[in-house]
Each structure stands twice: as structure tokens, then as C-alpha cells.
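In case you want the letters, here they are:
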Amino acid sequence: MRGAAALLTAGGLGHTLWTGITEPGTALAFAALVTVGELARRDHPDQDRRPAPLGSAGALAYALLGRDAGEPTHHGVLQVVAVVVAAALAGTVPHIARGHGPALDHVARRVLAVAFAAACFQPLHGSGRLTHRIGQGPYLVLFLVLLLGLTALCDAVLAAALAGARTGWPYGPLLRDELRAQLGIGPAICATGVVMALGVAVAGLWALPVFSVPLLLTQLSFHRVDAVRTTYRQTITSLARATEIAGCTAPGHARRVAALSCAVGRELGLSERELTVLEYAALMHDIGQLSLVDPVPGGATAELPPDEARRIAGLGGEVARQTGVPAEVAVIVERQADPYREQPVAARIVRAVNAYDDLAGAGRHPGGPLAALERLRLGTGHDYQPEVVECLARVLARGGRGRVVPVPPG
């Protein structure tokens, strides 16, 4: 996919430089809009998705532009790609200077999605077949909306494929998460792209700044929601560290369990929302130890008697509820020590990963990580779900989060 995007970019830039820019004023206006959209993009150095709503809407609008103030436009697919790529690169320079430039996968997706939309619209418009068959009325609007829906689907398919190739995670859950992500700000981007293209067709380039304002406000709202979520996660992480500060658990235990639990959850096909709940529960899984008079030696609960482990888990569920976390997080914390057949999936993951980290810790098991994993396999009759243990083994074998160990035969 990166190769296809690179070929499209080279072809677009080469063709445009060789033949010159058609309607340079229009191209410059849309290039400025895409550049401003990239400049307004919020840096997310720890996330794969780095949306630039205004830039995406401007690029789609240029790909679907057929008229400018009533006059037909004649730019083609290759010029659309060239203008969008050049403008996006100009807008990412400040981000690159701060060390937060977009990943190659993000750029490849942008190029391929815009090229798809332009390839579906520009040849039909340029040949006159689109105007002849559906005219300039409501059917054109419907056509553009459907085309943008296909473009969003194409983008989701590309994103899931790139993420699957990069991480090795199952493709189905990745595609489902990308489709759900499209339901966030995606409809606003598509609607703005359609309105911009139709507005410029009637009123000219003055429509661009007018229709950019609502999307900028929407983008600001999403930034605020993202900031709230980030603060909430930081709060839960701080609560999880309370057990380490109090000396109840080993340093870094909660973070290791959370990271490895999320990796196992992805291997099992959990959605993004389920992974978020799983991460919160894994971070807080030992918080019940703060209520103990006599701390557990070394903080390791994997080898405690079942009744004692369930008592500590119950205390943890009560503490979690008092902190105001979602009820499902508290349920997972509370039920992490139950037999796996009675647990929700997230609690099964937390229990297995917690036991692995407890048993594989330095000096806690004579056989080290490999023997700890084998110990979990021996407990699959009652304590640990076999599918969870095998997913944990696969994650560790290919160098996932946590300690890397080979998968023994059998």
C-alpha cells in the first residue's frame, strides 16, 4: 500500500509539473485549506489515529469539485493527488519540527483515499456522463454522499490492513474498530466535504472559509473530549501506582499487567471500548491490597488460597466503585479471582496475565518465565481459560508487551 501511494504521489507530482497546474487559483485555495487543516491537527504522539478533519474535508471537496461559481473545472485525478500531497506536506512541517510528524501509514491512507474519491468522480464529470445522467439537482448530492461513504469504507479497510500488517493482530476486530472510528468525526468530515464542493460550485471559492468554521468548532470539541479522556486515564494510572508506593506490589507490576492484558485482548479480538475497560481494570486489579492489614508477601496474589484471593478481589471491587470508575471495571476487578467459567472475558485475561507476571518475577519461580507459562497451562482446568493462556503465549513468543519467552511444544 505504501508503494501504491508512492507511485500515485510520484505520478501526480510529475504530471502536474510537466503539464502545469490547471486553474491555479482554485488549486491554491484548496491547497491553503488543506495546509491550514494540517496545521490545526492536534499532535497525538502515542496514538495511531491522528485526524486532521479540516484537511481531510478540503481534500475530499477538491476531489469532488466539478464546478467553480458555475463554470466547469478541468483538473484531473493526478492534479488532485499532487495538490493534496503538496499541501499536506507543507502543513506537517511544524509537526515534524516538533518530532510529531505523521506516520507513513497515515500519509499512504490519505493519498489512496483521496485518489479513490477523485478516480470515481473526475472521469465521470469530465466526460459529461455524470451531468447527463443525474444532472445538478438532488441526485448529484445523493451520488456525492454515497461516494464519500464508499471512500470512508475504503479508508477503514486500508487502515485495518496497515494496522494488521504492522502489529499482526486479527484483521476482523481491527476493521470493526476502524469502522466505529469513522462514526465519530467521519460523518462531519464527509458532510463538510460535500457541502464545500457544492458551495464552491454555486458561490465560488468564498464558500470555503464559510463552511470551514463548523468543522473547526467540531474539531475543537473533539480535542476537549480527548483531553478529558487523557486526564481520566492519568488519574486511574495514578491510583494504580498507589499500591506500588505503599509497598503492596512490585514496581511496574500494574503497568506490565495492563500492557500485556491489552495485547492479549487484541489477540482475542476485543473492541477498542472493551480494551479500554480491560486496561482500566488491569491497572486497578491489585487495589484491594490497600485494605489489608497484613500485606501479601511480595504483592503476588497468584499463589494465595482461592478464598483469600477472592476476598482481596472483593475489596478491590469496593475500592474501585468508590473511585467512580465505570461499573464494568469494578466488576472485572471484583471477579478476577473467580473460576474462569464464571468470569467475564476481561476478568479471565487479567487473572491469567497477573498470574504470569507474579510467577515470572525475579526470584518468584525457579523456572523463570517459561515455567510460569507452563504453570498457567497446568491450571487451565479450573483457574485459567485455555484460549487466554494460548493467546498470552503467542503474544509473548512474537515479542509482545511483557517478557518475551519461547512457546514450548505441545
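Cut-offs and rules
- Residues numbered from 1 in each chain as written.
- Predicted model: local features only at pLDDT ≥ 70, side-chain atom pairs only at ≥ 80, totals over all residues.
- Heavy atoms only, no water.
- Helix = DSSP H or I, 4+ residues; strand = E, 2+ residues; numbered from the N terminus.
- Areas by Shrake-Rupley, 256 points an atom, 1.4 Å probe, with all protein chains shown as cover.
- Lys, Arg positive; Asp, Glu negative; His and termini not counted.
- Charge placed at Lys NZ, Arg CZ, Asp CG, Glu CD.
- Buried < 20%, exposed > 50% of the residue type's maximum accessible area, 1.4 Å probe, protein only.
- Core = buried A, V, L, I, M, F, W, Y, C linked by side-chain atoms within 4.5 Å.
- Arc of directions from axis to C-beta.
- Phe/Tyr/Trp six-rings, centres within 6.5 Å; stacked < 30°, edge-to-face > 60°.

In the nomenclature of an unreviewed UniProt entry, the chain is known as HD domain-containing protein of Streptomyces racemochromogenes.

Further remarks concern the overall build of the chain. Along its length, the chain carries 17 helices and 2 strands. A principal-axis box enclosing the C-alpha atoms of the chain has dimensions of 80 × 45 × 40 Å. Summed over its atoms, the accessible surface of the chain is roughly 19100 Å², and 64% of this surface lies on carbon and sulfur atoms. Within the chain, one finds 36 positive and 33 negative side-chain charges whose respective centroids are separated by 4 Å.

The next thing to look at is unusual backbone geometry. Positive phi, close to 50°, is recorded for Glu23, a residue that is not glycine. Here Glu23 is to be found in the loop between helix 1 (2–19) and helix 2 (24–39). Judged by relative accessible area, Glu23 falls into the partly exposed class, the value being 23%. Of note, Ala69 is a non-glycine position whose phi angle comes to about 55°, a positive value. As for its position among the elements, Ala69 is in the loop between strand 1 (67–68) and strand 2 (71–72).

So, on to the nonpolar core. If you look at the biggest cluster of nonpolar residues, it comprises 46 residues, and the most contacted ones within it are Val264, Tyr356, Leu376 and Leu392. Mapped by element, the contributors of at least two residues to this core are helix 10 (207–245), helix 11 (253–268), helix 12 (272–283), helix 13 (306–323), helix 14 (327–334), helix 15 (345–360), helix 16 (368–378) and helix 17 (386–397). When residues in this core are grouped by element, the largest group, 10 residues, is from helix 15. Judged by nonpolar contacts, the second largest core, of 37 residues, contains Val80, Ala117, Cys190 and Leu208.

Along helix 14, the residues that are buried comprise Val329, Ala330, Ile332 and Val333. When helix 14 is viewed along its axis, its buried side chains cluster within an angular range of 160° and face the same direction.

Along the polypeptide, Leu65 turns up in the loop between helix 3 (53–63) and strand 1. In this structure, the C-alpha to C-alpha distance between Leu65 and Val194, residues 129 residues apart in sequence, is 9.0 Å.

Before going further, it helps to examine the packing of aromatic side chains. Remark: the centre distance and the inter-plane angle together describe each pair of aromatic rings, the angle taken between the planes. Enumeration over the complete set of coordinates arrives at 2 aromatic pairs. Ring centres of Tyr232 and Tyr280 lie 5.5 Å apart, and the angle between their planes is 65°; on these two criteria the pair is classed as edge-to-face. Remark: Tyr280 occurs in helix 12 and Tyr232 occurs in helix 10; sequence separation between them is 48 residues. Take Tyr232: its relative accessible area is 31%, and that puts it in the partly exposed class. In this structure Tyr280 comes out as buried when scored by relative accessible area, which is 10%.

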